[in-house]
Amino acid sequence: MQYERVDLVVVGGGIMGSMTAWRAVQRGLKVALVEQFRPGHARGSSHGCGRIYRYNYPEADYVRWMGGAFPLWHALEEEAGERLLFGCGCLDLALGPEGDAMLEACHGAMLSQDIQSDFLRHEQIRQKLPQFTPPPGVRALYQAQGGVVAADRALEAAWQGVRRGEGRLFVDHRVERVDLEYDQPTVLARDTAFRGQRLVLAGGPWAPRLIPELARALTPTRQQFALLRPEDEAMYRPDRFPALIVHDVEQPYYMLPIIGSEAVKIARHGGAPPADPEVVQATPEPRELEKLRGYLKHWLPGAYNAPIEGGKTCFYTETSDTDFIIGAHPARPDVVVLAGFSGHGFKFAPLVGQVAVELACDGGTSWPVERFSPTREALLKPVG
Ligand SMILES: Cc1cc2nc3c(=O)[nH]c(=O)nc-3n(C[C@H](O)[C@H](O)[C@H](O)COP(=O)(O)OP(=O)(O)OC[C@H]3O[C@@H](n4cnc5c(N)ncnc54)[C@H](O)[C@@H]3O)c2cc1C
């Protein structure tokens, strides 16, 4: 058995663990980032070209977190010498009174934090986005500072940042045991015992295995998305097409413009049954892809008529209240758990990493984390 002794051990090289490791090396810590697969693998939650970032949330806490994440995203862009954020704006469309109420709540939460957003009526939507043919009477909320983050590039940039500092990456190292009995938390992977002054567990859909104490609160679900390549591609690039969220009573869904090598992405938000990340099902069902395309019939004829270029799967790890889990492990305060990002965590990842380091090393943070408590009562309710 070999021993690896560091200031901070991070388990999980998805976006949350990688950003934690990056923020830790920025603070001058010696870090081991332990990942069971290879960088960029497609079995967890962080792969693919794009993720929406937005201030558009009905809760002011998330609006504040977005504001805190931006400077860290820009710091990573500067360090990597590469553009990661594509500021195409974010458009929320409402179908029906529930959707309308959601837009009002988002507008109010943003206003409370001095973030501007604008309601658009049918004609204004048509002017801004001639690709759209929305039904009359539809309302939308536009937020100019939203956009799409290049997800795979961001993950790579964080890994590079870790390498540049005092960080070591251990790939193909599956943590088989988390030992919290010693003075210092220790994890065992292959032939190595990683012992840190502090430990952060960021296992994505494997979190219920890594943190059995929270297994009941976490439900991994397998999401599927379709990729369509419209004939007039230029109309669907970030300079002409925003990130789009449709608040449909039956099923919310969203679309991303063309980012990197990926075509226009369309997916439903949630509504998928529980699934186990150990059972690999990387190919989406053709029926689901056709269903996704069907949503576009009356809205985006150009994309609806485009061929399906492919599709992918990806895991959400859901909590009953859709709030994240960020805080001390129920068994000891020097171990921090990051889990339950419920399909909307990516945009906050650098701040999640920063907060994880503060919680682990300083025992507290100035960021509001109460709603993310691992011991909150809402976590006892079933997801659904
Ligand atoms: C289809 C889809 C669309 C999304 N869209 C958005 C969006 O538009 N905007 C947004 O903000 N968010 C979005 N999200 C959510 C966001 O992508 C996730 O919140 C985020 O990627 C979660 O990252 P993670 O690091 O927690 O998990 P993961 O990326 O799954 O990382 C966990 C890592 O831990 C490793 N691991 C687990 N167990 C072990 C072990 N025992 N030993 C070693 N390593 C281990 C895994 O291999 C994995 O690499 C979306 C998610 C999906 C699936």
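Residues numbered from 1 in each chain as written. Predicted model: local features only at pLDDT ≥ 70, side-chain atom pairs only at ≥ 80, totals over all residues. Heavy atoms only, no water.

## With respect to the nonpolar core
Residues Trp-65, Trp-73, Ile-326 and Leu-338 are the most contacted members of the largest nonpolar core, which totals 61 residues. Elements with a contribution of two residues or more to this core: β1 (2–11), α1 (15–26), β2 (31–34), α2 (60–80), α3 (96–112), α5 (151–164), β19 (332–339) and α9 (349–362). Considering every element that reaches this core, the biggest residue donor is α2, with 9 residues. Of the domains in this structure, domain 1 (2–47 + 152–216 + 321–380) and domain 2 (87–146 + 219–318) are the two that each give at least three residues to this core. Ignoring any residue separated from it by four or fewer positions in sequence, one finds Ile-326 in contact with Trp-65, Val-337, Leu-338, Phe-341, Val-352, Val-355, Leu-359, Val-369, Phe-372, Ser-373 and Pro-374. In terms of nonpolar packing, the next biggest core, distinct from the first, is built from 29 residues, Leu-129, Phe-132, Ile-258 and Ala-306 among them. (Core = buried A, V, L, I, M, F, W, Y, C linked by side-chain atoms within 4.5 Å. Buried < 20%, exposed > 50% of the residue type's maximum accessible area, 1.4 Å probe, protein only. Helix = DSSP H or I, 4+ residues; strand = E, 2+ residues; numbered from the N terminus. Domains from an automatic or database assignment. Contact = heavy atoms within 4.5 Å.)

## Topic: the environment of Glu-176
As for its placement among the helices and strands, Glu-176 is situated in strand β10 (residues 175–179). Glu-176 gets classed as exposed once you look at its relative accessible area, which sits at 60%. Taking the C-alpha atoms as reference points, Glu-176 and Ala-189, 13 residues apart in sequence, are found 5.8 Å from one another.

## Considerations on the domain arrangement of the protein
One can read the domain layout of the protein as domain 1 (2–47 + 152–216 + 321–380) and domain 2 (87–146 + 219–318). For domain 1 versus domain 2, the distance between C-alpha centres works out to 30 Å. On the side of domain 2, 12 residues touch domain 1, which itself brings 15 residues to the contact. A salt bridge links Arg-174 to Glu-278, with the shortest nitrogen-to-oxygen separation between them at 3.4 Å. Counting across the domain 1 and domain 2 interface gives 9 residue pairs in polar contact (both at pLDDT 80 or more). (Salt bridge = Lys/Arg side-chain N within 4 Å of Asp/Glu carboxyl O. Polar contact = N/O pair within 3.5 Å; in protein donor to acceptor, adjacent residues only side chain to side chain.)

## What to know about the environment of Leu-300
Here Leu-300 is to be found in the loop between α7 (286–294) and α8 (301–304). Sequence spacing of Leu-300 and Pro-134 is 166 residues, and the spatial spacing of their C-alpha atoms is 8.2 Å. Apart from residues lying up to four places away in sequence, Leu-300 is in contact with Gln-131, Phe-132, Thr-133, Tyr-236, Phe-241 and Met-255.

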